[in-house]
Amino acid sequence: EKKHVKAQYYLGDCYYYGRGVERDYVESSIWYLKAAEQGYDLAQCSIGYNYQHGYGVLKDYKEALKWYHKAAEQGNAQAINNIGYNYATGLGVEKNDVEAVKWYAKAAEMGHAQAQNNLGGHYSTGEGIEKDFDKAIMWYRKSAAQNFPSAFYNIASCYQNGEGVERDNAQA
């Protein structure tokens, strides 16, 4: 209540995850929003996520993107990745794989494991960027080095199909 931004954010997390209190997405959103309005990037990303999924608030993709952009302006890699996801899927914006790749690449360069995996996926399919299996496997490996689960699957798939690496079913 005293506008301590980190306390508000962490209280939002407590309600979101049910830590020490009963899980309550409405309360979570209230506290995230208080911190987000004070410019706290983690809260901005979290309230954006709640808007994207309708957790404690009405689902609103445009409102989600608004908050993701505010967090992204402060260098929040998760928010940057989420913007890429929205462009890749067309949530709240017109689907645009070129734009998705731009956002994924920015977050991937910041070391964000999910964005690295997502960028690898675009290199693998050629959606929004020229198909390049060598770059796909490179990004998958960077993601896997951070133990991002989907990256291991994608690497195995590359070995199974001989994409960016020699075909090797034992490695797959």
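As a convention, each chain's residues are numbered from 1 in the sequence order in which they are written. In keeping with the predicted nature of the model, local features appear solely for residues at pLDDT of at least 70, side-chain atom pairs appear and are counted solely at 80 or more, and the whole-chain, interface and lining totals rest on all residues. With hydrogens and water set aside, each side-chain value is computed from the structure's full complement of heavy atoms.

Q: What exactly am I supposed to notice about the overall build of the protein chain here?
A: Numbering of helices and strands starts at the N terminus; helices are DSSP runs of H or I of at least 4 residues and strands are runs of E of at least 2. Helix and strand counts for the protein chain come out as 9 helices and 0 strands. Along the protein chain, helices and strands appear, N-terminal first, in the series α-α-α-α-α-α-α-α-α. Its C-alpha atoms give the protein chain principal-axis dimensions of roughly 60 × 35 × 25 Å. Across the 172 residues in the protein chain, those meeting the buried criterion constitute 42%. Any two residues having at least one pair of non-hydrogen atoms within 4.5 Å are treated as being in contact. A fraction of 41% describes how many contacts in the protein chain between residues 6 or more apart in sequence connect residues 24 or more apart. Accessible surface, the protein chain: about 9200 Å² in total, of which carbon and sulfur atoms supply 48%. Separation of charge centres in the protein chain, based on 18 positive and 21 negative side chains, amounts to 4 Å. The buried label applies to any residue whose accessible area, calculated with a 1.4 Å probe on protein chains only, is under 20% of its type's maximum; exposed applies above 50%, and partly exposed to all values in between. The Shrake-Rupley method, run with a 1.4 Å probe, gives the accessible areas here. Residue values count only the displayed protein chains as cover. Residues scored as charged are limited to Lys and Arg (positive) and Asp and Glu (negative), so that His and the chain ends carry no count. Charge coordinates come from a single atom per side chain, which is NZ of Lys, CZ of Arg, CG of Asp or CD of Glu.

Q: Help me understand the packing of aromatic side chains, please; the structure alone is not making it clear to me.
A: To describe a pair of aromatic rings, one takes the distance between the centres and the angle between the planes. Pairs were defined over the aromatic rings of Phe, Tyr and Trp, the Trp ring being its six-membered one, requiring ring centres within 6.5 Å. Orientation was assigned from the angle between planes: stacked under 30 degrees, edge-to-face over 60, tilted for the rest. Taken as a whole, this structure holds 9 aromatic pairs when the rule is applied. Ring geometry for Tyr16 against Tyr25: centres 5.2 Å apart, planes inclined by 55 degrees, an arrangement best described as tilted. With relative accessibility at 12%, the residue Tyr16 sits in the buried group. For the ring pair Tyr49 and Tyr55, a centre distance of 6.1 Å and an interplane angle of 50 degrees mean the geometry is tilted. Of the aromatic side chains, those joined through ring pairs into one cluster are Tyr9, Tyr10, Tyr16, Tyr17, Tyr25, Tyr32, Tyr40, Tyr49 and Tyr55. Any Lys NZ or Arg CZ found within 6 Å of a ring centre and within 35 degrees of that ring's normal is scored as a charge over the ring. Between the NZ or CZ atom of Lys34 and the centre of the ring of Trp31, over which it lies, the distance is 4.8 Å. Its end group placed over the ring of Trp139, Lys142 keeps NZ or CZ at 5.2 Å from the ring centre.

Q: Got a minute to help me understand the environment of Leu119 in this structure?
A: If you trace the backbone, Leu119 turns up in helix H7 (residues 113-125). The exposure class of Leu119 is buried, given its relative accessible area of 3%. Distance from Leu119 to Tyr140, taken between C-alpha atoms, is 8.3 Å for residues 21 residues apart in sequence. Here Leu119 is in contact with Val101, Tyr104, Ala105, Ala108 and Trp139, once residues within four sequence places are set aside.

Q: What is the right way to look at the pattern of salt bridges in this model?
A: In a structure, side chains of opposite charge can pair up when their charged atoms sit close to one another. A side-chain nitrogen of Lys or Arg and a carboxyl oxygen of Asp or Glu constitute a salt bridge if their distance falls within 4 Å. All chains considered together, the criterion is met by 3 salt bridges. Lys66 is the partner of Glu63 in a salt bridge, and the nearest nitrogen-oxygen pair spans 2.9 Å. Within this pair, Glu63 and its partner Lys66 are both found in helix H4 (residues 61-72), separated by 3 residues, close to a single helical turn. One salt bridge connects Lys95 with Asp97, and the closest N-O pair in it is separated by 3.1 Å. Owing to a relative accessible area of 18%, Asp97 belongs among the buried residues under this scheme.

Q: Looking at this structure, I do not really get helix H3 (residues 41-53). What am I missing?
A: Here the expected length of a helix is defined as 1.5 Å per residue gap, with one fewer gap than residues. Compared with the 18 Å implied by 1.5 Å per residue over 13 residues, the 18 Å span of H3 between its first and last C-alpha is a close match. When you tally the buried positions in H3, you get 10 out of 13 residues, the bulk of the element. Regarding H3, the residues found buried are Asp41, Ala43, Gln44, Cys45, Ser46, Ile47, Gly48, Asn50, Tyr51 and Gln52. Those residues of H3 that are buried lie in contact with helix H1 (5-17), helix H2 (25-37), H4 and helix H5 (77-89).

Q: Hey, could you run me through helix H6 (residues 97-109) in this one?
A: Residues separated by three or four positions in an α-helix point in the same direction, a consequence of the helix having 3.6 residues per turn. When the terminal C-alpha atoms of H6 are compared, their 18 Å separation across 13 residues agrees well with the 18 Å that a helix rising 1.5 Å per residue should span. All of the buried residues in H6 are Asp97, Ala100, Val101, Trp103, Tyr104, Ala107 and Ala108. Structurally, the start of H6 carries an N-cap: the backbone nitrogen of Val98 is 3.1 Å from a side-chain oxygen of Asn96. Immediately downstream of H6, the backbone of Gly111 shows phi near 90 degrees, a positive value. By the criterion applied in these results, polar contacts are pairs of N or O atoms within 3.5 Å in which, for protein atoms, one can donate a hydrogen and the other can accept it, and in which residues neighboring in sequence qualify only through two side-chain atoms.

Q: Just to check I follow, could you spell out the side chain of His112 for this structure?
A: Its place among the elements puts His112 in the loop between H6 and H7. Beyond its immediate chain neighbours, meaning those up to four positions away, His112 contacts Ala77, Gln78, Asn81, Ala107 and Gln146.

Q: Looking at this structure, how should I read unusual backbone geometry?
A: Of all residues except glycine, most have a negative phi; of all peptide bonds, most are trans. The phi angle at Asn147 is positive, at roughly 65 degrees, despite the residue not being glycine. Checked against the element boundaries, Asn147 lands in the loop between helix H8 (133-144) and helix H9 (149-161).

Keep in mind these numbers describe shape, not what the thing actually does.
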